[in-house]
Structures are given as structure tokens and as C-alpha cells.
Amino acid sequence: MKVTTDRFRQTALEELANARTQKFLQILPLRLSARRQEAYGSFSDPEAAHRLGQAIRGEALARLPELLETFERNALANGAKIFWAADSQAANRYIADLARSKGARYVTKGKSMITEELGLNDHLAQCGISAWETDLGEFIAQLLEKPPFHIVGPAINIPVEQIRDIFLEKGVLDQPTLDPVTLGRAARRFLRDKFRDLQMGITGVNIAVAETGTVINVENEGNIRFNKSAPKTLVCVMSLEKVVPTLADALHQLRVLCRSATGQAAGAYISLDSGPKKADETDGPEELHIVILDNGRSAIYQNRHTREALRCIRCGACLNACPVYGKVGGYPYGWAYSGPMGQVLTPALRGLAETGDLIRACTLCHRCKTICPAGIDHPGLLLHYRNKDVQADPLLQGRGADPRERLAHRLFALAGSRYTYWRIFSKVLSRAARLFGKGAMLRGLGPLGRGWFLSRDLPAPAKKSFHERWRQRKD
Amino acid sequence: MPRASLFIPCIVDLVLPGIGESTAALVRHVGHTPVYHREQTCCGLMAFNSGFRDEARTLARHFIQVFEDDATIVSPSGSCVNMVKNRYPELFADEPDWQRRALELAPRVFELSQFLVDHAGVIDLGAHRHATVAYHESCSTLNGLGVSAQPKALLGAVRGTTLVPFKGADVCCGFGGTFANAFPEISTALVAQKVGYFLESGAELLVMCDPGCLLNIQGYLHRHHPGKTAMHLADYLAGGLPGNPGRRP
Ligand code: SF4
């Protein structure tokens, strides 16, 4: 997929002007938030359940190296094959080589953000192997060559006419129709055909269990289960932070994940796979390959701040809570991960050089932090990134401060470090501001604050500051 | 009388000094003597949020020196209080001595409504004011400090005041400090949404605990809906105190 994290502003403007986007943003995030809220109510103690989920992520990260070793050992004992991929190229190459060696001309895929991070579909296409997305929304987004709009509803914003047209064009549909059920059935028929005689299927992983070597997926359409059971060879791709210590931990994480993502107590399909088909079993893949992706995560892990981003379980609840996402939708974030989730993950994975807007496009309202089942302090992390950006931190590829902005902050801090300076500074500031208007409200400040004045006025500095009023008061 | 030290944010000092006076009046009204250290400047919130931590530390050190001998500190700004209480300790993560001083200071700093209700123990100020009001939950006040019941209780106890339900009360108004200027279109969409809910609510006034949100919402109202007013809680309450009827609009 094309990475456009450096076009946040432009894409956001386009989306603000896009009536369809705006319409769906009035519906989807609010509805999902409400459903989440309701679903959390089904816990006997929602707050405790929330905290337990966060604690599980905390423990998983604290013990990550050890848990990964245990996971590998147990998965191997189950008969799975493990490939440690240092980066996207390594993962893509492994998967493409595997597909070739199995003589697969195409593969099917379950919806997964990690394969979007890899750009796997593009790589496979370059190798002459088609990859079919089998989640309905993802399938539509793929045919249209669009990134996912929302993690839960990747194509929710696409008009039905457009879906009809693309289905006709790609041979999914024979007769034009706008009936959603018929369209859905057409997609299903098309994809069922792909599952027949399937050589290789690819899925992501929601949770990996160290103590049992199990990989878990949760979904609502059954397509992931098809992907996991129909092919001869199954590849499950996971980022290395997905592992939790025990099956009990995994089950609790599923409880909070499903509630946070879709407001369900449990997704319709939860698949737990421990190794490939055993000798006495009739179903399942003959080979199970688990690709464990690093792609910069080990480096992130070394720092106690950025490590926090690895807590994320990709539920998407923060998207629904975010006021900015609620206005611009998923496209501006420009990569596999959108909303606050993307704002904490993408800068850590891709560096600040191309994600500078992502870390600033936040009002620090803290709603994401409040609802995050993984316990991420998004605003805290964004503030950390902003600091590293200003400092031109080499590890995160910070760009350094704009010299004028730095100077302004330096002067301001200098003025604020001494009472006498501050009085002079504030006098000068007030006088200067009052040059731009006589009334109580300013409509502009010349070249300054153009963004502010786009839609707002600003009170002119008071004739007498509080400081002066206090000095002159008579009580 | 116990003393309460006024922490007047720089915006209030320079642009909205009336809020500072209202704060002093309320502090006095609940039996405390307001003290004002003229040496105070800025808490460093803007520098911190913009990533300039060295500069924020300079301001934070000054703040700590000015206020650390006070038993009780009160401020009419949820975001500035949040900065001092919750961000200073982290800002001094590598300077144990300053961090200790920040941690010792933190529990003594109160947002105004917090001070009135939790510290002074007063909900009914004996205020009168005839208005239908909606309460905007400023993000730092709500999510940073966990303050929400206090201002609503104070408003609810004002004779003649009706507090109406407010859809989207806890959705950000799009201020976000420099965000409003850096992402003006997104910020505008958010403040327009907030104002839309306000107009729908039927309230005459929109009341809040943060001068930042106030600049944003009032600035937008002034441009697009003149005649509609947003107001700081301090001004609303102080305006209804006995002997002070409707002192400020
Ligand atoms: S950051 Fe938290 S709320 Fe957002 S997707 Fe990840 S786990 Fe869910």
C-alpha cells in the first residue's frame, strides 16, 4: 500500500470536504462507542475487567523476550514452523518464496493490519501471485485500491453504486443490482471459489499464547476460519508484541478486545490453532508457518516510553473516541494504522521524519487514553514524540525545531523566568496586540495566528492585566 | 482565615483578567484570604505541549519556587492545574530534587471548582442568577483531573439557574492550544460542532472551567453567533454572589 503519512493535512482537508465521509463519521464512531459502552456493562465489574486487560498487556511487554522464546518452543513442539522476520522485506520474501514452492498462483487472506504494514499484497503481485482479501469490506477496499476507512468497517463509506460497478468490472457480479444481500452473496460465491483447492492462506494473529504455542484469531464473517482451515499451507503473520503468557490471559484479552472493537461479548468466530493438522485429524492445514515480525519493534522496545506503543491490541476503540478521527476519518493517517493507534504506532515504526503531522494532529483531550483496553497513554506518548522531534532525536529521526518557533519559546521562557522581564514582556505583548484593533475583540493579528482567525475572534489584551488590577485594588 | 494562593494563568492575567478577579471573590466568599504572588509568570504548558521541554522546565522551576511555600493553591484553569499536578513530575524525571519538589507541590494545587467543593466544602454559595446554562466538560478538567461533578454541583446550587442536559458535553471543543492554529480546519469543525450542540441545547450560556476552551468557543461565537455567550465558571458564579448581581455579563 502507498504510504501517505506525510500528506495528513491535505488528505484531512479533502475528507473534511467529502460529504460521504462526513456522513459516515456522524454514524459509525458514535454507534461503535455506544456499543462498546454497553458491552462493558456486561462485565460484573467493568473497571476491574478494564484494568486486568491493561495489566495483562503490561506483563506481556515486561516479559516479552522470554515469552517469545516460550512461544516459539511450544509452537515448534506443536509442529508449526517459525520464521523470525527482521523487517518487511524478509517477511514478504519468505511468504512469496513459500507460495512459489507450493506452486500457488494465488493466496487468500484474512483481514490483517500487519500484512498492510508489510505491503504484502503488492509484493506478492510483483511476484506474479494474486492475493485475495476475503473479508467483505477489505475485499471491496482491495478492488477499489483504497486503504481501510475504519478498522472495523474498512469500506463502510463506499457507496453501493460504486460497489456494484466494481463488482461488475471485476467479474464478481453478472447482473447489475443494488441489493446488498445479492451483492454480498456474489462476493461470497466469488471467494468460495478461491477457497476451493486452496494452496495457501494467510492471516494475521490477534493473540499468541506462550504457554501453549497457540495463535488466536477473532472475526465475524468466518472468512478467517476458512483461511485457516481450507488451505494446505497456512501462514499466520504476527508482530512480536502479540504474545501473552497464558491461555487465561488470552481469553480475558479477547473479552476486552471484542467489547472494545465491536461491542460484542465475543466475536462470532474465535479460532485457536495449535500447530497444523495432526495425523489423526481430518481438518486443518498440513503446514502452519508463523511469521514473527520485528520491523523496528525491538528498537522501540528498548525505550521505556516508545515501548508503550507496543501494548496496542488493535481494537480500534480509540478511533471511535477521537475527536480528530471523528472529523477526518481513516485516510489521512496514511498507513495501516489510523486514529490515535496510528499516531502512537506509526511514528515509532516509521520515524518522525515523515510523521510530523501525526504527532501534532491531536488536541490532547485524553479520551483515547481513558478507553484504551491496553493501557496506552496516547497523549503522554505524543508529547514524548513532540519533544524528540524538537530535539532532532536520531533514533526516532526527529526533524529538529523550526528556528523561529524555537526562538519564540526561548524568549518566552526567558521572560517567564523572572518577574521583571515578565512584566516588560507582557506590556510589550499587550501593546503590540492592541495595534491590530481597537475593540474588545480582535479579528486578526497580521501575519500571526492566521489559523486561529480563520474562524474565530480573540479578545484583545485587557487595558489592565490582572496583575495591575490586583496592585491597584482597594480592599 | 486560611489563605489560598491565586495561581492566575498567563492568559487570564493578560487577556481575561476578570476571571482572576472572580476567582479571588469566590475564594474570599468561602472564607479564605486570597493571596497573589506578583512574581508568578506562566506554568509552561504551551512549551511542554509543543515539545520544548527545556523551556518548559525553566518555567516550571520558576513556578515551583514561587508557589512551594503555599499550603493551598487555586487556579481557574483545569489545563494549567493539570500541567502542574500531572506533568511536572514527569518533566523532572531526570532531576530527582526538582521532581521531589514538584511531587510535594502537586496535591496542594486545586482547580477552582475542586477547591470550592472538595477543599472548602461549599456547594451552595448562596448565589442567585437567572439563566439556563449548559456545562462544557473541558478535556483537561474532565480527563486530566477527573473534575466534573464539582462544577455541575456548584451550578446546580445557584438559585434561578437551570442546568440543561448537553449532548456531546465531553467531546473536545477543538482548542488543543497550538492545535487550533496549526490545524485550523479540523479545529473549526470541532468548535462548530460544539457550538451546534450548544445552540441545540436551548441554553442561554455555555459555562466551562478552562480559559483555553473559552477563548475558542467564545471566539467562534463572537464571529458566527453574536449574542450567544460562553462564560467561565468563575465569572458565572461570582456574578451571582450577594451584592454582586450580574456583575459581568
Ligand atoms: S491504542 Fe488502545 S484503544 Fe487504540 S486500538 Fe490500540 S488497544 Fe485499542
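Residues numbered from 1 in each chain as written. Chains lettered and ligands numbered in written order. Predicted model: local features only at pLDDT ≥ 70, side-chain atom pairs only at ≥ 80, totals over all residues. Heavy atoms only, no water.

1. Considerations on the domain arrangement of chain A
The figure often quoted for interface size is the accessible area lost as the parts come together. How we decide: Domain start and stop points were drawn from an automatic or database domain assignment.
Annotation of chain A at the domain level lists domain 1 (41-295) and domain 2 (403-474). A straight line from the C-alpha centre of domain 1 of chain A to that of domain 2 of chain A covers 55 Å.

2. A word on the pattern of salt bridges
Residue and element names in this part refer to chain A. Short version of the rule: Think of a salt bridge as a Lys or Arg side-chain nitrogen and an Asp or Glu carboxyl oxygen that are within 4 Å of each other. Counting from the N terminus, the helices are DSSP H or I runs at least four residues long and the strands are E runs at least two residues long. Remark: exposure states derive from per-residue accessible area (1.4 Å probe, protein chains only) relative to the maximum for the residue type, with buried under 20%, exposed over 50%, and partly exposed in between.
All told, the structure shown has 36 salt bridges over all chains when counted by the stated rule. Taking the shortest distance from any N to any O, the salt bridge between R51 and E47 comes out at 3.4 Å. Placement of the pair is R51 and E47 together in helix α3 (residues 46-62), with a separation of 4 residues, close to one helical turn. Residue E47 is classed as partly exposed on the basis of its relative accessible area of 44%.

3. Observations regarding unusual backbone geometry
Note: most peptide bonds trans; most residues except glycine with negative phi. Residues and elements named next belong to chain A. Within the chain, E145 stands out as a residue other than glycine whose phi angle is a positive 55°. Along the polypeptide, E145 turns up in the loop between α8 (136-143) and α9 (160-169). Looking at E145, the relative accessible area reads 70%, which means it is exposed. Positive phi is not limited to glycine here, since A392 has a value of about 55°. Looking at the element boundaries, A392 is found in the loop between α19 (378-390) and α20 (403-416).

4. Digging into the sheet that holds strand β1 (residues 3-6) of chain B
All names here are of chain B. Worth spelling out the cut-off: Pairing between strands is defined by DSSP: at least two bridges between the two strands are required. Helix axes are fitted only over the stretch in contact, all axes being lines through C-alpha atoms; the angle between N-to-C directions runs from 0 to 180 degrees. Should any heavy atoms of two residues lie within 4.5 Å, those residues are considered in contact.
Strand order in the open sheet formed by 4 strands is β2-β1-β3-β4, and the pairing between neighbours is parallel. Each having just a single partner strand, β2 (33-35) and β4 (109-111) make up the two edges of the open sheet. The average undirected angle you get between the axes of adjacent strands in this sheet is 35°. With 3 bridges connecting them, β1 and β2 associate as parallel partners. Among the inter-strand pairings, R3 is bridged to a residue of β2, identified as T33. In the packing of helix α5 (residues 78-91) onto the sheet, the strands contacted are β3 (73-75) and β4, and the crossing angle to β4 comes to about 155°.

5. Description of the packing of α20 of chain A against helix α21 (residues 419-434) of chain A
All names here are of chain A. Our working definition: The scheme is simple: roughly parallel for angles under 35 degrees, roughly antiparallel for over 145, roughly perpendicular for 65 to 115, oblique for anything else. Under this grouping Gly is polar, as are all residues other than the nonpolar Ala, Val, Leu, Ile, Met, Phe, Trp, Tyr, Cys and Pro and the charged Asp, Glu, Lys and Arg.
Packing of α20 against α21 leaves a shortest axis separation of 6 Å and a crossing angle of 125°. Judged on the interaxial angle alone, α21 and α20 are oblique. Between α20 and α21, the residues in contact are F412, L414, A415 and G416 and Y421, W422 and F425, respectively. Here the residues of the contact of α20 with α21 sort into 6 nonpolar, 1 polar and no charged.

6. Overview of the interface of chain A and chain B
Selection criterion: Buried surface area refers to the total accessible area, computed with a probe of radius 1.4 Å, that the two partners give up upon joining, counted for both partners together. Identification of polar contacts relies on pairs of N or O atoms within 3.5 Å, with a donor-acceptor requirement for protein atoms, meaning one able to donate a hydrogen and the other able to accept it, and with residues adjacent in sequence counted only if both atoms are side-chain atoms.
Tallying the contact residues gives 69 residues for chain A and 64 residues for chain B. Both faces considered, chain A and chain B share a buried interface measuring about 5700 Å² in area, 63% of it formed by carbon and sulfur atoms. Inspection of the chain A/chain B interface yields 5 salt bridges. There are 30 residue pairs in polar contact (both at pLDDT 80 or more) connecting chain A and chain B. Looking at the side of chain A that touches chain B residue by residue, the class counts come to 31 nonpolar, 17 polar and 21 charged.

7. Thoughts on empty space enclosed by the protein
Residue and element names in this part refer to chain A. Applied cut-off: Using protein atoms alone on a 1 Å grid, points that fit a 1.4 Å probe yet trap it form a cavity, whereas open point sets bounded by protein on both sides within 12 Å along at least five of seven lines form a pocket; residues with an atom within 4 Å of a point count as lining. Grid points are joined across faces, edges and corners, and a volume is the space filled by probe spheres set on the points.
The final tally for this structure, using the stated rule, is 3 cavities of 30 Å³ or more. Of the voids in this model, the largest cavity is the one considered here, and its volume is about 100 Å³. As for the largest cavity, its lining consists of 15 residues, of which C322, P323, P340, C362 and C368 are closest to the centre. Sorting the residues of the lining of the largest cavity by element identifies α16 (339-350), α18 (367-371) and α19 as the ones contributing at least two each. The calculated volume of the second largest cavity comes to roughly 80 Å³. Along the walls of the second largest cavity sit 13 residues, with C312, C315, C318, C372 and H378 positioned nearest its centre.

8. Regarding the site of the ligand
Put simply, the rule reads: Neighbouring residues are identified by heavy atoms, a residue being near a molecule or strand if any of them is within 4 Å of it. Placement in a cavity or pocket follows one criterion, namely that more than half of the molecule's atoms lie within 2 Å of its grid points.
As a matter of local geometry, the ligand sits amid C312, I313, R314, C315, G316, C318, M341, C372, P373, A374, I376 and H378 of chain A. Using a 2 Å cut-off from the grid points, one finds that the ligand occupies the second largest cavity.

9. Regarding the domain arrangement of chain B
Residues and elements named next belong to chain B. Taken domain by domain, chain B consists of domain 1 (3-118) and domain 2 (124-239). Here the C-alpha centre of domain 2 lies 22 Å away from the C-alpha centre of domain 1. Of the residues lining the interface, 28 residues belong to domain 1; the matching set on domain 2 comes to 21 residues. The contact between domain 1 and domain 2 buries some 1900 Å² in all, and 71% of this surface belongs to carbon and sulfur atoms. Taken together, the connections running from domain 1 to domain 2 amount to 0 salt bridges.

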